[in-house]
Each structure stands twice: as C-alpha cells, then as structure tokens.
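# Remarks on the overall topology
Okay, here's what each chain looks like letter by letter:
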Amino acid sequence: MKNSKLKNAISLFLTFMKIGAFTFGGGYAMIPLIQKEAVEKHGWLTDDDILEIVAIAESTPGPIAINSATFVGYRLCGFFGALCATVGVVLPSFLIIFLISKVLREFGNIKAVQYAFNGIRAGVLALVIKALWTMYKKCPKNIVSYIVIGAAFILTAFLKVEILIVIIGCAIFGLISSLIISRRSKA
Amino acid sequence: MIYLELLWTFFKIGAFTFGGGYAMLPLIQDEVLAHGWMELSELIDFIAVSESTPGPFAVNIATYVGAEVGGLLGSVCATLGVVLPSFIIILIVAKFFEKFKESRAVKGVMTGLKPAVVGLIGAAIITMAVTVFIPTGFSTAIFTDTSFYVSLVIFALCLVLALKKVAPIIVICLSALLGIAAGFLL
C-alpha cells in the first residue's frame, strides 16, 4: 500500500515535469498535454475530470498549470501527491529561466540582439492584444461586464488606482450584482 | 529583507490573478515597476523570453526577477511566493469540491473578475504601447524617426498573424528577424 503510493507520487512528479518542460506559453496550452498524460496514458482521470479542472482553475487564483497540477496530484495521492505534481511542473521552467537570467544581460550588449528586441517588443504587444481579444470573447456579454471592463480600464489607465484595489472592487461588484439579479428573477 | 519582500510581492501576485497567462501582466507590471526591479522595456523583452521557453508566464517572471534581485535564494523565494496561493487554495477546493462548484458566491465573484481582467489588460497595453512606439517620450520628432515606422509595421504584421492563430513563438521569431533586418539595413 505504502509502496504503491510512493510509486504514484514519483510517477506524478515525472509526468508533470514532462508537462512543464514541453508546454510553451503556459496556460491553456497545457490542458491537451495533461489530458493526454493523465487520461489516455495513466488513466488517472476521465475527460469529465479535465473539464472540471479547467473550470476550477478558471475560478481560483494562480496559473492554470499550477492549479491543475495541484488538483490532479491531490486527487491521486493527497497532499504528498499535490506537492510532487506541483514541484514537478514548476521545476523545468525554474531551471531554464534561472540559467537564462545568468546570460540575458550579457546578450543585451550585442548589437544584433538589441535590434532583435526592437522588433520583438512590437511583436509582443501584438500577442498581448490577441490575448486581450481572446479573454474579451470569453466574457459574458451583458451590462455588468461592460461596466466592469470600462471601470477597471479607466481606474487603472487614467486614475492610477492600485490594481489590487480594482480587482477586489470588481469582485465585490460582481458578487452584489449577481445577488441582485438572482433575487429579481425569483420575485 | 529582500527575500521576504520577493516572497510577499509574488505571493500577492499569485493570490490576486485569476485566469492565468497574461491575466497576471497588469499586477506584475504594477508591482515590479514600483519596486524598481525591472524597467517596462525589460519586462516586455522578458514576455518574449517567456513565450519562447516552457512553463507558465507567472513562474518564469518570478524566477527571473528573483534571480536578478536576489540570486538563487531570491528566485526560490519569488517562485515559491507565486505558487503558494494557488497550491493552498486548490488543496482547500479539492476537499470541498462539490460545494465549491455550486457556490453562488464564487459564480458571483467571477462575473466581476472576468471582465475586470479585460479592463486591466487593456490599461496595461496602453502603457506598453507607449514604451514600444515612443520610448523617448512624445514629440513631433518621432514622425521623422524611421524606428517608429519600423515598429508600427512589425506590430501590424504580427497582430494579423496572431489573430490568425499563428503560434506565439513563430510571431516572436519573425519579429526578431524583422527587427534585425531593419536595424542593419535602414
């Protein structure tokens, strides 16, 4: 019994290390790989579980990769499993970025690299706008959404309100407005 | 102490960003710039590095900022900080999963948070655009500056490709090549 738990934990660690090492860009890019490893290969989860994990990851804070690793690990072997899966998924990026941080500054002195980053900055701006568009499409299209989008934008872009305060304010506004709407539809 | 400051700052970033990926960008931009740990142009460069390396953006940026500011221990502290909130919260949620799923309060909070992220990223894009297109501040001189037009053309091209769902890493490679070509030829 104890032996099989250790075996599962090691298997979780290695599997999530693989997932962490091979998903570029993070986030939802990781979901198909988790599905392939955890459902098809190891039979740890069902396809329905994956949908639930995505739903949970979306409504809890933090990166989706961390959320799903912790959740799958916990489902399989409790706290120890959650720890193994989470450390596994973080380790590859940690090591790679740590190594890169040693050389990135020195690269910056090369003329070609400077030119490359001049181009890259414009490319990154385009990628972030694309991400904004994707997130906008996933928002419900109603008056509450439009008010929150407008308020969050104006408060941070022009009035320089602290982002943490804006986030907390929008959460409270969403909670209150959904309570009012559900009470009205009952009456 | 710098290690505790890294841990606490990235803990806040991990605890208050919903939806993953670039949802973290506005808060990271706010905190990292306020602490003077990075310049906005460096942050934008790092987004490109993060897109071209595996792993979630939040973990990548935490590791990088931690390493720059406090070496190995710094990067461990920052990464631990950004991971810890989701780890703890998911452990709790996994225990009370059925209740959580049906919770009206959670759904209500999410109706506010999803659009909030859109507004926040919109605001982050404005400040990023200023750094990309007019890094030396606005004056009429930029209209005679070729690098302004180069950025504009690369941006437009990349936006079309990104909206056509070309992989981010290809968009970045292409923008890098165009940047190099423009730098040496113009």
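Residues numbered from 1 in each chain as written. Chains lettered and ligands numbered in written order. Predicted model: local features only at pLDDT ≥ 70, side-chain atom pairs only at ≥ 80, totals over all residues.

Another point: the packing of helix H5 (residues 111–138) of chain A against helix H6 (residues 104–133) of chain B. Any two packed helices are characterised by how steeply their axes cross, that is the angle between the axes, and by the distance between the axes. Packing of H5 of chain A against H6 of chain B leaves a shortest axis separation of 10 Å and a crossing angle of 165°. In terms of orientation, H5 of chain A and H6 of chain B fall into the roughly antiparallel class. When you trace H5 of chain A past H6 of chain B, the crossing you get is left-handed. Two secondary-structure elements touch here, H5 of chain A through Arg121, Ala122, Leu125, Val128, Ile129, Leu132, Met135, Tyr136 and Lys138 of chain A and H6 of chain B through Lys114, Val117, Val118, Ile121, Gly122, Ile125, Met128, Ala129 and Val132 of chain B. Residues belonging to the contact of H5 of chain A with H6 of chain B are distributed by class as follows: 14 nonpolar, 1 polar and 3 charged. (Axes fitted to C-alpha atoms, helices over the stretch in contact; angles between N-to-C directions. Helix = DSSP H or I, 4+ residues; strand = E, 2+ residues; numbered from the N terminus. Parallel < 35°, antiparallel > 145°, perpendicular 65-115°, else oblique. Left-handed = near helix turned anticlockwise from the far one by under 90°. Contact = placed C-beta atoms within 7 Å. Nonpolar A, V, L, I, M, F, W, Y, C, P; charged D, E, K, R; others polar.)

It is worth spelling out the interface of chain B and chain A at this point. At the junction of the two partners, chain B supplies 88 residues and chain A supplies 82 residues. Within the residue set of the side of chain B that touches chain A, elements represented by two or more residues are helix H1 (2–15), helix H2 (25–34), helix H3 (40–51), helix H4 (57–95), H6, helix H7 (146–163) and helix H8 (168–185) of chain B. With 24 residues, H6 of chain B is the largest single contributor of residues to the side of chain B that touches chain A. Grouping the amino acids of the side of chain B that touches chain A by side-chain chemistry returns 58 nonpolar, 23 polar and 7 charged.

The next point concerns the environment of Val106 of chain B. Following the sequence through the fold, Val106 of chain B ends up in helix H6. With near-sequence residues (within four places) excluded, Val106 of chain B lies in contact with Ser59 of chain A together with Phe100 of chain B.

Before going further, it helps to spend a moment on the domain arrangement of chain B. Residues and elements named next belong to chain B. When the domains of chain B are assigned, the result is domain 1 (2–133) and domain 2 (135–186). Each of domain 1 and domain 2 was reduced to a C-alpha centroid, and the two centroids are 26 Å apart. Facing the 7 residues of domain 1 at the interface are 7 residues of domain 2. At the level of secondary structure, the elements contributing two or more residues to the side of domain 1 that touches domain 2 comprise H3 and H6. Across the side of domain 1 that touches domain 2, the residue classes tally to 3 nonpolar, 3 polar and 1 charged. (Domains from an automatic or database assignment.)

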